[in-house]
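Close look at the chain arrangement
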Amino acid sequence: MAWPEQYGGKGKGGFFTFILSDELQYHGLPYDSMSITSVGSTIMTFGSDEQKSEWLPKIQAGEMTFALGYTEPNAGTDLASLQTRAVRDGDEWVINGQKIYTSSAHVSTHVWLAARTDPDAPKHRGISTFVVDIKTPGITVRPLWTMGGSRTNETFWEDVRIPADALVGELDRGWYQASNALDLERVVLGASTSRLRRGIEEFVDYVKAERPDLVDDPFVRTSVAETKVDVEMARALSLTCAALVDTGMTPTMEGAMSKVWSSETAEHMYSRFMEILGPAGLLDRDEQEAPLEGALERGWLASPISRFGGGTNDVQRRIIATRGLGLPRG
Amino acid sequence: MAIVKDPVCGTEVDTDAVNATVGNTTSGAPETDPSKGTKRFHEGQWFYFHNLDCRMKFVSEPGRYLP
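Residues numbered from 1 in each chain as written. Chains lettered and ligands numbered in written order. Predicted model: local features only at pLDDT ≥ 70, side-chain atom pairs only at ≥ 80, totals over all residues. Heavy atoms only, no water.

Assigned secondary structure in chain A consists of nine helices and eight strands. Its C-alpha atoms give chain A a radius of gyration of 21 Å, within 12% of the compact-globule value 20 Å for 330 residues. The dimensions of chain A, computed from C-alpha atoms along their principal axes, are 75 × 45 × 40 Å. The burial tally for chain A puts 52% of its 330 residues in the buried class. As displayed, chain A offers around 15,100 Å² of accessible surface, 54% of which is attributable to carbon and sulfur atoms. Of the side chains in chain A, 33 bear a positive and 46 a negative charge, and the two mean positions are spaced by 3 Å. (Helix = DSSP H or I, 4+ residues; strand = E, 2+ residues; numbered from the N terminus. Rg over C-alpha atoms; globule rule 2.2 N^0.38 Å. Buried < 20%, exposed > 50% of the residue type's maximum accessible area, 1.4 Å probe, protein only. Areas by Shrake-Rupley, 256 points an atom, 1.4 Å probe, with all protein chains shown as cover. Lys, Arg positive; Asp, Glu negative; His and termini not counted. Charge placed at Lys NZ, Arg CZ, Asp CG, Glu CD.)

Here it is, written out as structure tokens:
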């Protein structure tokens, strides 16, 4: 919706996109923010005219969806240590290596891939970014199941041949493209607050209907009120990001703050609600008596992933300190 | 069937089984069975492991497990 009309958008801007995404999430409806806001917007900034004309309308239409191919077993927080190689061979690139936590590779049509194109360059240089069709021969997907019940993947890349024009942006300057996409990814991750807003509403409804003994308890009222404040803070940080995107800026520090706050708020929220309900709050989702049909247990188990996805919260705090506040790198 | 030894623990790993396609993603990419083991591309070649723990040990200290 925020994209220019020439790429299939409506030219509505960042606020409109935030509101749309927020409402869809609130009602549990899918919206592929990662493909549109993170990858698509990065292609719009760094891609060639041909790439933009070819890919952006398809991304906008949901015909091209992306898994993010950054992390490797030895390159997560230290992403610049990635070892997956892309070697030029005539009109093609040949990819060898592996990625881990390639979440949504099992439901995506493409991978936004960061690979090393110059192994002799300093590690932050010599990386390039590519758009790769996931059906390309040589790619295999291995499922990994997380403790919250959601699926992520490893992907293996064995002599994967992709066309030369799959390269996005300048050769060996992929770190900047990936950083831009990661900044926007954090905006997306931080903006996942409508599910928390709904979580509070459902919890309050549950307590009023099923646990009237708790409604006058000062501890309960204070905990719920504090959670509401935290969630609205997260929403305000997301709106700040939307405002910056609206003016054409990439909200590096603001995206990091938003992601840190919303991911930690989610953990605190589920933890507080489980504590309020006492032993009942600890019931497994398969237990018939589990409150809210096990939503608290599911949410609590799933929430730590958000602290790691898009760069750990420790890294985000470092970004805030260095790139945001100008403190020297330690 | 190609059998190799996990360089960390010595367990035998069937590389064909690790690489065998057991299904497809919604977009048609081949999926493998995670219970058959995993692998790692290191300095130009693939090494096979019977589980993620062994691979993690290898990734953190490859020199210790290479001949």
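Now that the structure has been shown, we can carry on.
For the coordinates displayed, the defined rule picks out one cavity of 30 Å³ or more. In this structure, the largest cavity encloses a volume near 40 Å³. In this structure, the largest cavity is lined by E72, Q83, T84, G97 and Q98 of chain A together with R40 and F41 of chain B. Listed by contribution, the elements that provide at least two residues to the lining of the largest cavity are strand 3 (92-100) of chain A together with strand 5 (38-42) of chain B. Here the lining of the largest cavity is built from residues that sort into one nonpolar, four polar and two charged. (1 Å grid on protein atoms, 1.4 Å probe; cavity = no way out; pocket = protein on both sides within 12 Å on 5 of 7 lines; lining within 4 Å. Points joined across faces, edges and corners; volume = space filled by probe spheres on them. Nonpolar A, V, L, I, M, F, W, Y, C, P; charged D, E, K, R; others polar.)

Residue and element names in this part refer to chain A. Where helix 1 (residues 14-26) meets helix 6 (residues 218-246), the axes come as close as 7 Å, and the angle between the chain directions of the two elements is 140°. The orientation of helix 1 relative to helix 6 falls into the category oblique. Taking contact as the criterion, the partners of G14, F15, F18 and D22 in helix 1 are, on helix 6, R235, S238, L239, A242, A243, V245 and D246. Split by residue class, the contact of helix 1 with helix 6 holds six nonpolar, two polar and three charged. (Axes fitted to C-alpha atoms, helices over the stretch in contact; angles between N-to-C directions. Parallel < 35°, antiparallel > 145°, perpendicular 65-115°, else oblique. Contact = heavy atoms within 4.5 Å.)

Throughout the structure, instances matching the rule amount to six aromatic pairs over all chains. Both rings, one in F203 of chain A and one in F273 of chain A, keep their centres 3.9 Å apart while their planes meet at 5°; by these two values the pair is stacked. Highlighted residues: F203 of chain A in helix 5 (residues 194-210) and F273 of chain A in helix 7 (residues 252-277), separated in sequence by 70 residues. Like F273 of chain A, F203 of chain A is buried. Among the aromatic side chains, those forming a connected cluster through ring pairs are F156 of chain A together with F41 and W46 of chain B. Geometry around F16 of chain A places K12 of chain A over its ring, the cationic atom sitting 5.3 Å from the centre. (Phe/Tyr/Trp six-rings, centres within 6.5 Å; stacked < 30°, edge-to-face > 60°. Lys NZ or Arg CZ within 6 Å of the ring centre and 35° of its normal.)

Let's shift gears to the domain arrangement of chain A. Residue and element names in this part refer to chain A. Each domain of chain A was delimited in the assignment, giving domain 1 (66-172) and domain 2 (192-324). Each of domain 1 and domain 2 has a C-alpha centre, and the two are 31 Å apart. Listed as interface residues are five residues of domain 1 and, on the opposing side, seven residues of domain 2. A buried area of about 470 Å², summed over both sides, lies between domain 1 and domain 2, and 65% of it is on carbon and sulfur atoms. (Domains from an automatic or database assignment. Buried area = accessible area lost by both parts, 1.4 Å probe.)

The next subject is the side chain of R55 of chain B. Note on placement: R55 of chain B falls in helix 2 (residues 52-60). Judged by its relative accessible area of 2%, R55 of chain B is buried. At a separation of 3.2 Å, a polar atom in the side chain of R55 of chain B contacts the main-chain carbonyl oxygen of K39 of chain B. Ignoring any residue separated from it by four or fewer positions in sequence, one finds R55 of chain B in contact with P73, Q98, I100, E154 and F156 of chain A together with T38, K39, R40 and F49 of chain B. (Polar contact = N/O pair within 3.5 Å; in protein donor to acceptor, adjacent residues only side chain to side chain.)

On to the nonpolar core, then. All names here are of chain A. Membership of the largest hydrophobic core comes to 26 residues, with the highest contact counts inside it found for I43, I59, F66, Y70, W112 and V131. Mapped onto this core, the elements with two or more residues apiece are helix 2 (33-46), helix 3 (49-60), strand 1 (66-69), strand 4 (110-116), strand 5 (127-133) and helix 4 (174-190). Setting aside residues no more than four positions away along its own chain, I43 makes contact with K52, W55, L56, I59, F66, W112 and V131. Of all hydrophobic cores here, the second largest spans 20 residues; its members include A86, W93, V132 and I134. (Core = buried A, V, L, I, M, F, W, Y, C linked by side-chain atoms within 4.5 Å.)

Our next topic: the pattern of salt bridges. Residue and element names in this part refer to chain A. For the coordinates displayed, the defined rule picks out 22 salt bridges over all chains. In this structure, D133 and K135 form a salt bridge, with 3.5 Å as the shortest nitrogen-oxygen distance. The class for K135 is partly exposed, based on a relative accessible area of 46%. Through salt bridges with shared partners, one network takes in D22, R197 and R235. (Salt bridge = Lys/Arg side-chain N within 4 Å of Asp/Glu carboxyl O.)

Let's shift gears to the layout of surface pockets. Residues and elements named next belong to chain A. Volume-wise, the second largest pocket comes out at about 580 Å³. Forming the boundary of the second largest pocket are 28 residues, of which A2, T37, S41, L184 and V245 lie nearest the centre. At the level of elements, helix 1, helix 2, helix 4 and helix 6 are the ones that each hand at least two residues to the lining of the second largest pocket. In terms of residues, the lining of the second largest pocket owes the most to one element, helix 2, which gives six residues. For the lining of the second largest pocket, the class distribution of residues is 15 nonpolar, 12 polar and one charged.

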